[in-house]
Amino acid sequence: MPLKYFKGTLLLLTLIINFNSLAQQLAFPTASGAGAYATGGRGYGVFKVTNLNNDGPGSLRQAVYDADSNGGGNVVFTVSGAINLTSNLGWGGIQNVSIWGQTAPDGGISVANKLTGFYAGNSQTEPSANIIIRFMRFRVDSSPLINSQYNGIETDVFVMEYANNYIIDHCSFSFGTDEAINHGNGENVTWQHNLIAENSKAMIMGQVAQQQGNFSFNNNLFTRTSHRFVNVESGGRVDLINNYIFDWYSSSAAPRGGFQLNHMNNYFGPNGGDNNIDLDWRGFNYVQESWTPSIHASGNIYENVFEDPNADNIGNSSNNSDGFWRIRTSFGNNGGIIPASWRAATPYTLLGEPFTVRTAAEVKAQLPDNAGAHKRLDENGNVLPGLDVLDNIYITSVKNGVHTDWQLRDSYFGDIVGNSDHYDAYFATVGNVINTHPSGYDTDNDGMPDAWEVSTFGNLNRTGMDDLDGDGYTDFEEFLHGVDGADDTIFVVADAGNDISICVGESTQLTASGGASYQWNTGATTA
């Protein structure tokens, strides 16, 4: 926590040992897994996104390039809305960069229309590395591709093609006609607390199966997405823990490689439309017979199919006698339950920074309130609700058990996405500025709002790049980490009824229910 400024004498206690300094510094206080120690733009300058343009000065594209050309940097936002990409947004060989979506004004920030990705630079020899991305939304416009996808035209939403040592936290990904997310070559990565909603398929993690490792994919929420939760290609360690898969269509995953996997305490809700679809021939998880992985599977729940997390998670199923983990001899052919030599009786040690592993039932109850870009910060460092209309539709559907009618989709495994009113409503807003920070928000351009900086340090003399309290985080990061409060504040979008127009001097009363207190988007709180 930052030191507060007090008039008078500041007593310095020099004989305090910070035992946390003996461990590796986290990317942010709630980071976990193999990518938890990425430093991103720590100690580098601030680069501001001031418009929603595809490119040019003030664009997201330019801000990341500028940060990289300065050795690293922190990207913040003075504007909210959907960035209007007219071409794919790709960066090559990017190093030491953080993108902080929680800094955007009310409305948040999303990247719309085209694919976003980090790739190798310098003729494909230099990977992108040491990257932190938080509280962002990525949504491709799939409408031009729907009628031509079987001619080889498909798109992912977000790609980390060749990237190491990164963490993606509290982001949202929608409308991919192929995968939502594709991680190619690289290692030491974490995906946590993300919302993957309304895509053809979820994720491929790894590219060369015998060379990849140290993948953490924990506490992510999937909904309205067919399959690949997650298709891992790895020869090393992988954790798939505490994920919630709701309204899925086909098989869980088809991993490849000689990986060592923790597949633990995940919750699979009912399929959309048909609880038994495809399970007989593809299985829940299947591995090609040419590989020899080691799999620890425990604590998982498949609703309406397998609801005892303490039973055998590999070879026991009330609906499928061949079990949850099978060998695939060829596409569509089931080779039976994986052999005993592929099973690990006890869990592997968690990758990177450990975290509290919840039961699958706890994941179902708790994760929807802590997934996606659901928080933002105001000029005083207050944490405010951050869900936009579209993500609120997805989260509410999960919590209320509302399923997609997959039978209405007329392509293989529901590959057509975006055939909905909310899809059209979102893309009608692309490029429209929702809000901007006022001119006096950050007059010294250090990324710290003036109001918070004065309240915390007493003046505007701090640069943001130093670490006043010696906890390993810069002063600028102390502001950013307001979203990581110990209480992990849960925000639920409440309905206070229809909008009412009143004249100056008049008053009215709005009624909402279900909460102990209510926080308006201005930051004001009422009981």
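These numbers were taken from a predicted model, which means no experiment stands behind them.

Conventions and cut-offs
- Just so you know, the residues in each chain are numbered from 1, in the order the chain's sequence is written.
- pLDDT decides what is reported in this predicted model: residues at 70 or higher carry local features, side-chain atom pairs at 80 or more are listed and counted, and totals for whole chains, interfaces and linings draw on all residues regardless.
- Processing note: side-chain calculations cover all non-hydrogen atoms of the structure and skip hydrogens and water entirely.
- Think of it this way: any DSSP run of H or I at least four residues long counts as a helix, any run of E at least two long counts as a strand, and we number them from the N terminus.
- Only protein chains enter the area calculation, which uses a 1.4 Å probe; residues under 20% of their type maximum are buried, those over 50% are exposed, and those in between are partly exposed.
- The contact rule is simple, with two residues in contact once any of their heavy atoms fall within 4.5 Å.
- Surface accessibility in these figures is a Shrake-Rupley result with a 1.4 Å probe; residues are shielded only by whichever protein chains are displayed.
- Only buried residues count toward a nonpolar core, which is a set of Ala, Val, Leu, Ile, Met, Phe, Trp, Tyr and Cys residues joined through side-chain atoms within 4.5 Å.
- Criterion used throughout: strands pair if DSSP finds at least two bridges between them.
- Two rings belonging to Phe, Tyr or Trp (six-membered ring only in the last case) form a pair when the distance between their centres is within 6.5 Å. Interplanar angles under 30 degrees mark stacking, angles over 60 mark edge-to-face geometry, and anything in between is tilted.
- In what follows, salt bridge is the name for a side-chain nitrogen of Lys or Arg lying within 4 Å of a carboxyl oxygen of Asp or Glu.
- Working convention for charge: Lys and Arg count positive, Asp and Glu count negative, and His plus the chain ends are omitted.
- Working definition: the arc comes from the directions between the helix axis and the C-beta atoms, pointing outward to the latter.

> For this particular structure, what's the right way to read the overall build of the chain?
When its secondary structure is counted, the chain shows 7 helices and 31 strands. Relative to its full complement of 527 residues, the chain shows a buried share of 56%. Considering only contacts within the chain whose residues lie at least 6 apart along the sequence, 70% involve residues at least 24 apart. For the chain, the computed accessible surface area is about 21,600 Å², with 49% contributed by carbon and sulfur atoms.

> Just checking my understanding: could you explain the nonpolar core for this structure?
Within soluble globular proteins, side chains that are nonpolar generally end up buried alongside one another. Leu-60, Ile-133, Met-136, Phe-173 and Trp-191 are the most contacted members of the largest nonpolar core, which totals 90 residues. Examining the composition of this core, we find that 6 residues originate from one element, strand β14 (residues 195–205), more than from any other. Formed by 24 residues, the second largest nonpolar core is a distinct cluster that contains Ala-31, Ala-373, Tyr-441 and Met-448.

> Please clarify how the pairing of strand β5 (residues 95–100) should be interpreted in this entry.
Each regular strand shows side chains that alternate between the opposite faces of the sheet. Counted residue by residue, β5 has 5 buried out of 6 residues, so it is predominantly covered. The sheet contact formed by strand β2 (residues 73–77) and β5 spans 3 bridges and is parallel. The residue bridging Gly-73 from the neighbouring strand is Val-97, located in β5. Across 5 bridges, the pairing between β5 and strand β8 (residues 128–134) is parallel. What sits directly across from Ser-98, in β8, is Ile-132.

> I would appreciate a short explanation of the packing of aromatic side chains in the present structure.
Aromatic ring pairs are defined here through the distance separating the ring centres and the angle between the ring planes. In total, this model carries 22 aromatic pairs according to the counting rule given. Their ring planes at 90° and their centres at 6.3 Å tell us that Phe-229 and Trp-248 sit as a pair that is edge-to-face. Of the two residues, Phe-229 sits in the loop between β16 (221–227) and β17 (231–232) while Trp-248 sits in the loop between β19 (244–246) and β20 (260–264), which places them 19 residues apart along the sequence. Seen from their ring centres, Phe-268 and Tyr-302 are 4.5 Å apart, and the 15° between their planes marks the pair as stacked.

> Quick question: what am I supposed to make of the environment of Ala-34 here?
Mapped onto the elements, Ala-34 comes out in the segment before β1 (46–49). Separated by 133 residues in sequence, Ala-34 and Ile-167 place their C-alpha atoms 8.5 Å apart. Discounting residues that sit within four places of it in the chain, Ala-34 has contacts with Asn-188, Val-189, Thr-190, Asn-214, Ser-216, Leu-351 and Gly-352.

> Just to check I follow, could you spell out unusual backbone geometry for this structure?
Of all residues except glycine, most have a negative phi; of all peptide bonds, most are trans. The amide bond that connects Phe-229 to the next residue, Val-230, takes the cis arrangement and shows omega of 10°. Relative to the assigned elements, Val-230 resides in the loop between β16 and β17. Phi is positive for Asn-188, close to 60°, though the residue is something other than glycine. With relative accessibility at 26%, the residue Asn-188 sits in the partly exposed group. Located in the positive-phi region is Asn-265, a residue other than glycine, with phi close to 55°. As for its placement among the helices and strands, Asn-265 is situated in the loop between β20 and β21 (267–268).

> Before we go on, may I ask you to explain the environment of Val-305 in this structure?
When you line up the elements, Val-305 lands in the loop between β24 (301–302) and β25 (325–330). Along the backbone, Val-305 and Phe-268 are 37 residues apart, and their C-alpha atoms lie at a distance of 9.6 Å.

> Whenever I open this one, the pattern of salt bridges confuses me. Can you help?
Should their charged atoms come close, side chains of opposite charge can pair. Using the criterion set out here, one finds 16 salt bridges in the structure. Here Arg-134 makes a salt bridge to Asp-484, at a shortest N to O gap of 2.9 Å. Highlighted residues: Arg-134 in strand β8 and Asp-484 in the loop between α7 (475–480) and β30 (518–519), separated in sequence by 350 residues. One exposure class covers both Arg-134 and Asp-484, and it is buried. We note a salt bridge from Arg-462 to Asp-475, for which the minimum N-O separation is 2.8 Å. In this pair, Arg-462 is assigned in the loop between α6 (450–457) and α7 and Asp-475 in helix α7, connecting sequence segments 13 residues apart. Arg-462 gets classed as partly exposed once you look at its relative accessible area, which sits at 21%. The exposure class of Asp-475 is buried, given its relative accessible area of 2%. Three or more residues joined by partner-sharing salt bridges are found here, namely Arg-137, Arg-139, Asp-388 and Asp-391.

> Any chance you could explain the side chain of Asp-450 here in plain terms?
Within the fold, Asp-450 resides in helix α6. For the buried Asp-450, which has no salt bridge, the nearest side chain bearing the opposite charge is Lys-48, at an N-O separation of 7.8 Å.

> What is the right way to look at α6 in this model?
Working note: α-helix, 3.6 residues per turn, so residues spaced by three or four point in the same direction. By the burial criterion, the buried members of α6 are Asp-450, Trp-452, Glu-453, Thr-456 and Phe-457. The buried residues of α6 occupy one face: seen down the axis, they fall within an arc of 160°. The elements touched by buried residues of α6 are α7. Backbone geometry just after α6 places Gly-458 at a positive phi near 95°.

> Can you help me understand the pairing of β14 in this one?
By the criterion of burial, β14 is predominantly enclosed, with 11 of the 11 residues buried. Note: strand β11 (residues 172–174) against β14, 3 bridges, orientation parallel. The partner of Phe-173 across the bridge, within β14, is Ile-196. Where strand β12 (residues 179–185) and β14 come together, 4 bridges link them in parallel fashion. Considered in β14, the bridge of Glu-179 is made with Lys-201.

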